[in-house]
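The residues making up each chain are set out below.
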Amino acid sequence: MKEFIPFQNKKYRSFLIKAENECYGFCYITQYKKRQAYDRTAEISLYLKSEFTGKGIGNTVLPFLEKVAKDNGISVLIGIISGDNGDSIKLFERNGYEKCGHLKQVGEKFNKILDVVSYQKIIQ
C-alpha cells in the first residue's frame, strides 16, 4: 500500500477515518501523474468498511479532502471508481463531481471483469 498511499507527504495526504476509537476506513489524495504539468490535479480516494457505508461518512470526508487539496495548491480532483460501485458513484455525484470518463473492462476484482469510471471536480 505504501506504493500508492502517500505517508508523511506535505502535499498528498492520507488519513484514517475513525470515531469512538474504531477505524471506519481510510482516505487519501495522491499524485495524478508524475509529471510537473499535472501538479494541479490529484486523485482522491475513500474506502470505508462495508458496515459503515450509507451513514453519511463519505459526505463529510469528501469536503474535508477537498479543503486539504485546495490548501495544498491542488485545484482539480479525480475519483476513479469501479463501474459497478453504484454507492460510490452516487456519493461523488452528490458532492458535485461530474463523470468525465468510462473505460470498459479494464479492471478485475474477485474474478469479475469491471468497467472503471472517472469523476472530476474543479475546486478552485
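Use the structure listed above.
Bear in mind the structure is a predicted one, so any value in this text is a computation, not a measurement.

1. Focus: the packing of aromatic side chains
- All told, the structure shown has seven aromatic pairs when counted by the stated rule.
- Measuring from centroid to centroid gives 6.3 Å for phenylalanine 26 and tyrosine 28, while their planes differ by 5 degrees, and the two rings are stacked.
- Classification of tyrosine 28 by relative accessible area gives buried; the value is 4%.
- Seen from their ring centres, phenylalanine 26 and tyrosine 47 are 5.0 Å apart, and the 25 degrees between their planes marks the pair as stacked. Of the two residues, phenylalanine 26 sits in strand E2 (residues 22–31) while tyrosine 47 sits in strand E3 (residues 41–48), which places them 21 residues apart along the sequence.
- Given the relative accessible area of 25%, phenylalanine 26 is considered partly exposed.
- Tyrosine 47 gets classed as partly exposed once you look at its relative accessible area, which sits at 42%.
- The ring of tyrosine 32 has lysine 33 lying over it, and the distance from NZ or CZ to the ring centre is 5.6 Å.

2. A closer look at the environment of tyrosine 38
- With respect to the helices and strands, tyrosine 38 occurs in the loop between E2 and E3.
- The exposure class of tyrosine 38 is partly exposed, given its relative accessible area of 30%.
- Separated by 20 residues in sequence, tyrosine 38 and lysine 18 place their C-alpha atoms 31 Å apart.
- Each residue touching tyrosine 38, except ones within four places of it in the same chain, is listed here: Tyr32 and Lys33.

3. Looking at the side chain of asparagine 95
- Residue position: asparagine 95 is located in the loop between helix H2 (86–94) and strand E5 (98–109).
- Owing to a relative accessible area of 12%, asparagine 95 belongs among the buried residues under this scheme.
- Polar contacts involving the side chain of asparagine 95 include one to the main-chain carbonyl oxygen of leucine 91, which spans 2.9 Å.
- Setting aside its immediate chain neighbours within four residues, asparagine 95 contacts Asn59, Leu62, Pro63, Glu66 and Lys121.

Rules of the game
Residues numbered from 1 in each chain as written. Predicted model: local features only at pLDDT ≥ 70, side-chain atom pairs only at ≥ 80, totals over all residues. Heavy atoms only, no water. Phe/Tyr/Trp six-rings, centres within 6.5 Å; stacked < 30°, edge-to-face > 60°. Buried < 20%, exposed > 50% of the residue type's maximum accessible area, 1.4 Å probe, protein only. Helix = DSSP H or I, 4+ residues; strand = E, 2+ residues; numbered from the N terminus. Lys NZ or Arg CZ within 6 Å of the ring centre and 35° of its normal. Contact = heavy atoms within 4.5 Å. Polar contact = N/O pair within 3.5 Å; in protein donor to acceptor, adjacent residues only side chain to side chain.

So yeah, pure geometry; function would need other evidence.
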